[in-house]
Amino acid sequence: MSTPSISRSDSKTSRRYSMSTIGIIGAGNIGRAIAQAFARKGIVVTLSNSRGPESLAATVAEIGPLVTAGTREEAAAKDIVFVAVNWSKLPDALAGLPPFGGRIVVDANNPIEAPLFKPAELGGRASSEVFADLVPGSRVVKAFNHLLAELLATDPASDGGKRVLFYSGDDAGAKAAVGALIDQLGFFGIDLGLLAIGARLTQFPGGPLPALNLVKFG
């Protein structure tokens, strides 16, 4: 599947995942931008962070009523779970969660963080392969990590076409589901293949695609 546009034989997949519940672990710039993208399209999401729902009261009020503050466990229990956390904090953010049981987890992380911006040691693996070890039993899709937060949060049609989002993963069904969501949010998705290949292309630092604001016209 070269793009996430779901039609004809894939229409059942589109309908199934358009009704999925959405959770977000991480309420930093990327996590908030993802929540805004869903809220803009009328999709309910649960947003969480390490400090608890009360700390997110102002954030959810600003984004709107479709975003609910929840615990980490509540967000992780949804059908599709987005994770956007500082790389060094990922083990703690994901530790002790119940088994994912084949549910989809979207890796929206990059193996670097402020203030030093020193690349993490990955042992020659793609960062999403390392991430997958932290979410056993899940179907990992790499997506929503290569654009700056302000672009993710902006209407993807604001430049006159459809802003491009890349995604990759090892499970075809999971990628189809995330591709359908990307399409539903108004972006144009491009499937980059397996994690070992596609995740490296969008990984920052090192990949050639991060921060590129590409737009599909026509």
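Up top is the structure.
Residues numbered from 1 in each chain as written. Predicted model: local features only at pLDDT ≥ 70, side-chain atom pairs only at ≥ 80, totals over all residues. Heavy atoms only, no water.

Asks: Residues and numbers for the environment of asparagine 49, please.
Replies: Along the chain, asparagine 49 falls in the loop between β2 (45-48) and α3 (57-63). The exposure class of asparagine 49 is buried, given its relative accessible area of 14%. Separated by 112 residues in the primary sequence, asparagine 49 and glycine 161 have C-alpha atoms spaced 33 Å apart. Apart from the residues within four sequence positions on either side, asparagine 49 is in contact with Ala27, Ser55 and Leu56. In terms of polar contacts, asparagine 49 uses its side chain to reach the backbone amide nitrogen of arginine 51, at 3.1 Å. From its side chain, asparagine 49 meets the backbone nitrogen of glycine 52 in a polar contact 3.0 Å long. (Helix = DSSP H or I, 4+ residues; strand = E, 2+ residues; numbered from the N terminus. Buried < 20%, exposed > 50% of the residue type's maximum accessible area, 1.4 Å probe, protein only. Contact = heavy atoms within 4.5 Å. Polar contact = N/O pair within 3.5 Å; in protein donor to acceptor, adjacent residues only side chain to side chain.)

Asks: So, the nonpolar core: which residues are in play, and what are the values?
Replies: Ile34, Phe38, Phe82, Phe144 and Leu152 are the most contacted members of the largest nonpolar core, which has 38 residues in total. Sort the elements by how many residues they give to this core and helix α2 (residues 29-40) lands first, with seven residues. Beyond its immediate sequence surroundings of up to four residues, leucine 152 is in contact with Ile30, Ala33, Ile34, Ala37, Arg40, Phe144, Leu147, Leu165 and Phe187. Residues Val81, Val105, Phe131 and Ala199 belong to the second largest nonpolar core, which totals 20 residues. (Core = buried A, V, L, I, M, F, W, Y, C linked by side-chain atoms within 4.5 Å.)

Asks: I'd like a rundown of the packing of aromatic side chains, residues and numbers included.
Replies: Enumeration over the complete set of coordinates arrives at two aromatic pairs. Aromatic side chains phenylalanine 38 and phenylalanine 82 sit 5.4 Å apart centroid to centroid with 75° between the ring planes, which places their arrangement in the edge-to-face category. Of this pair, phenylalanine 38 sits in helix α2 while phenylalanine 82 sits in strand β4 (residues 80-83), placing them 44 residues apart in sequence. The residues phenylalanine 38 and phenylalanine 82 share a single accessibility class, namely buried. With a centroid separation of 5.2 Å and 90° between ring planes, the pair formed by phenylalanine 82 and phenylalanine 144 is classed as edge-to-face. Of this pair, phenylalanine 82 sits in strand β4 while phenylalanine 144 sits in the loop between β6 (139-143) and α7 (149-153), and the two are 62 residues apart along the sequence. Using a relative accessible area of 1% as the deciding quantity, one classes phenylalanine 144 as buried. Among the aromatic residues, those joined into a cluster by ring pairs are Phe38, Phe82 and Phe144. Over the ring of phenylalanine 188 we find lysine 216; its NZ or CZ atom is 5.2 Å from the centre of that ring. (Phe/Tyr/Trp six-rings, centres within 6.5 Å; stacked < 30°, edge-to-face > 60°. Lys NZ or Arg CZ within 6 Å of the ring centre and 35° of its normal.)

Geometry only, nothing functional implied.
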